[in-house]
Amino acid sequence: MRLLLFILISIILSPILIIGLIVYTYRLRRFSIPQKISGTANEPHGARVLMHVAGTRKDSVAYALCGHLPVYSLAVRYCMIEVFHLACLLSGYKGSFFSYPGPRPSTLMTFISHRTSFFDDAINDALTRADNPARQFVVLGAGFDTRCYDLPTGADVKCFEVDMAPTLNAKITGLRSAGIPHDHVSFVETDFNQQTWFDALVDAGLDTSLTTFILWEGVTMYLNEDAVLDTFKLAAGLPEGSEISFDYFSGELINLEPPYEKVGSRMLKSSMKYYEEELLYGISTQKPAREKVEKVLNDCCLQLSKLEHTQTEEPPTIPMYCFATARTD
Ligand SMILES: C[S@@+](CC[C@H](N)C(=O)[O-])C[C@H]1O[C@@H](n2cnc3c(N)ncnc32)[C@H](O)[C@@H]1O
């Protein structure tokens, strides 16, 4: 009943939603892509804002940032986010992509809430555990992530956000314009494809003798294999108890191999076309998926501590998307 009501309200308000989608696409193509500001960073940000307005996961900072970003302008906020906000309020619907932590196994509609909940738990555990909590929190490929502005109670960490200059500058401008305090965060401009990117982090004050938690959410798929493996190896050099939490696509999807040769090709083409960003890296998720990622991590001197994935591993399905945490020895 709630879903029906939600759909009905959305249909009635669809002209406004369509205007929002047009403005979103216009701003993406007119401002974001020409200035090399990540377009894909808008998707997880938007998903977290939708969970916030549906009341399933609080993220006041992500919501406050809406209206102050190159793509999520005020027009997009009012024509898309606020319309869904109203539809959720009137219908009471909180399912599908609004759900949090979402169902298990997760599906293609709920993978972002699964991913968000996996990383929320990893951050919470690393920053607040009694034994050897992380003293530094590094968000690699931070995009419009807002975890540094809503730290778990009791966390005592130095925060770093790392991204390429255009995206980082757009975020800082947005934070300023929205009046969100950000002086406690060190912003580090760099490119993971450059071999010296870690030096930029150390120059910005990262202390390599402190237990560190690295969040690397939604990034590995955009990098080449060398950049991913080098990052794992750098993380492995951090002190005992340090962790890196990351996600990856199925290698079969990225390489257009069965069972994803068709859907992979459609996904790769549409992401290239709309956001002009390329999907490059994946790890095989053929059963047992755990062994495949373990091998990659062990070769980089890391140990897999947690793995979750969308869908099931039962043939003929293989997981399309995985979430993992690895620790140093
Ligand atoms: C899909 S977004 C994810 C953003 C954020 N982690 C989140 O989940 O909301 C990918 C981010 O990785 C960054 N990124 C991609 N390639 C990069 C590279 N070579 N060096 C640094 N950052 C990169 C993009 O600028 C973008 O902000």
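Report on the accompanying structure.

### What to know about the overall build of the chain
The secondary structure content of the chain amounts to 12 helices and eight strands. Taken over the C-alpha trace, the chain has a radius of gyration of 19 Å; the compact-globule value for 329 residues is 20 Å, and the two agree within 12%. Referenced to the eigenvectors of the C-alpha coordinate spread, the extents of the chain come out at roughly 55 × 50 × 40 Å. Buried positions account for 53% of the 329 residues belonging to the chain. Sequence-distant contacts in the chain: of pairs separated by 6 or more residues, those separated by 24 or more amount to 69%. For the chain, the accessible area works out to roughly 14,700 Å², and carbon and sulfur atoms hold 58% of it.

### So, helix H12 (residues 289-299)
Buried within H12 we find Ala-289, Val-293, Val-296 and Leu-297. Here the buried residues of H12 occupy an arc of 95° about the axis, which is enough to place them on one side. Opposite the packed face of H12, turned more than 90 degrees from it, sit the exposed residues Glu-291 and Lys-295. On its buried face, H12 sits against helix H9 (225-236), strand S5 (243-250), strand S6 (282-283), strand S7 (303-309) and strand S8 (321-327).

### As for a nonpolar patch on the surface
A cluster of nonpolar side chains, Leu-3, Ile-7 and Ile-11, forms an exposed patch at the surface whose accessible area comes to about 260 Å². With respect to the secondary-structure elements, Ile-11 resides in helix H1 (residues 2-12).

### Overview of the site of the ligand
Lining the immediate environment of the ligand, one finds 21 residues, of which Arg-48, Gly-141, Asp-163, Asp-191 and Glu-217 sit closest. A distance of 2.8 Å separates a nitrogen atom of the ligand from a polar atom in the backbone of Gly-141. Asn-193 is positioned with one of its side-chain polar atoms (N or O) 3.5 Å from a nitrogen atom of the ligand. Starting from 590 Å² of accessible surface for the ligand in isolation, the protein chains cover 96%. A per-class count over the shell around the ligand returns eight nonpolar, eight polar and five charged.

### Side note on the pairing of S8
Burial analysis of S8 places six of its seven residues in the buried class, the great majority of the element. Strand direction decides the pairing type here: S7 and S8, joined by six bridges, are antiparallel. For Lys-306, the partnering residue across the bridge sits in S8 and is Thr-325.

### Some thoughts on the pattern of salt bridges
Summed over the entire model, instances satisfying the criterion amount to 19 salt bridges. Residue Glu-243 pairs with Arg-129 through a salt bridge whose shortest N-O separation is 3.2 Å. Of this pair, Glu-243 sits in strand S5 while Arg-129 is found in the loop between helix H6 (111-128) and strand S1 (136-140), placing the two residues 114 residues apart along the sequence. Judged by its relative accessible area of 13%, Glu-243 falls in the buried class. Salt bridges linked by common partners bring Arg-48, Arg-57, Asp-59, Arg-115, Asp-120, Asp-145, Arg-147, Glu-217 and Asp-247 together as one network.

### Here's the deal with unusual backbone geometry
Here the amide bond leading from Tyr-100 into Pro-101 is cis, since omega sits at 0°, within 30 degrees of zero. By the element assignment, Pro-101 lies in the loop between helix H5 (74-91) and H6. The linkage connecting Arg-104 with the following residue, Pro-105, adopts the cis geometry, with an omega of -5°. Examined against the element boundaries, Pro-105 turns out to sit in the loop between H5 and H6. Phi at Leu-256 is positive, roughly 55°, even though this residue is not glycine.

Calculation criteria
- Residues numbered from 1 in each chain as written.
- Predicted model: local features only at pLDDT ≥ 70, side-chain atom pairs only at ≥ 80, totals over all residues.
- Heavy atoms only, no water.
- Helix = DSSP H or I, 4+ residues; strand = E, 2+ residues; numbered from the N terminus.
- Rg over C-alpha atoms; globule rule 2.2 N^0.38 Å.
- Buried < 20%, exposed > 50% of the residue type's maximum accessible area, 1.4 Å probe, protein only.
- Contact = heavy atoms within 4.5 Å.
- Areas by Shrake-Rupley, 256 points an atom, 1.4 Å probe, with all protein chains shown as cover.
- Arc of directions from axis to C-beta.
- Patch = residues over 30% accessible without salt bridge, like charges linked within 9 Å, V, L, I, M, F, W, Y side chains within 5 Å.
- Salt bridge = Lys/Arg side-chain N within 4 Å of Asp/Glu carboxyl O.
- Near = heavy atom within 4 Å.
- Polar contact = N/O pair within 3.5 Å; in protein donor to acceptor, adjacent residues only side chain to side chain.
- Nonpolar A, V, L, I, M, F, W, Y, C, P; charged D, E, K, R; others polar.
- Pairing = 2+ DSSP bridges.

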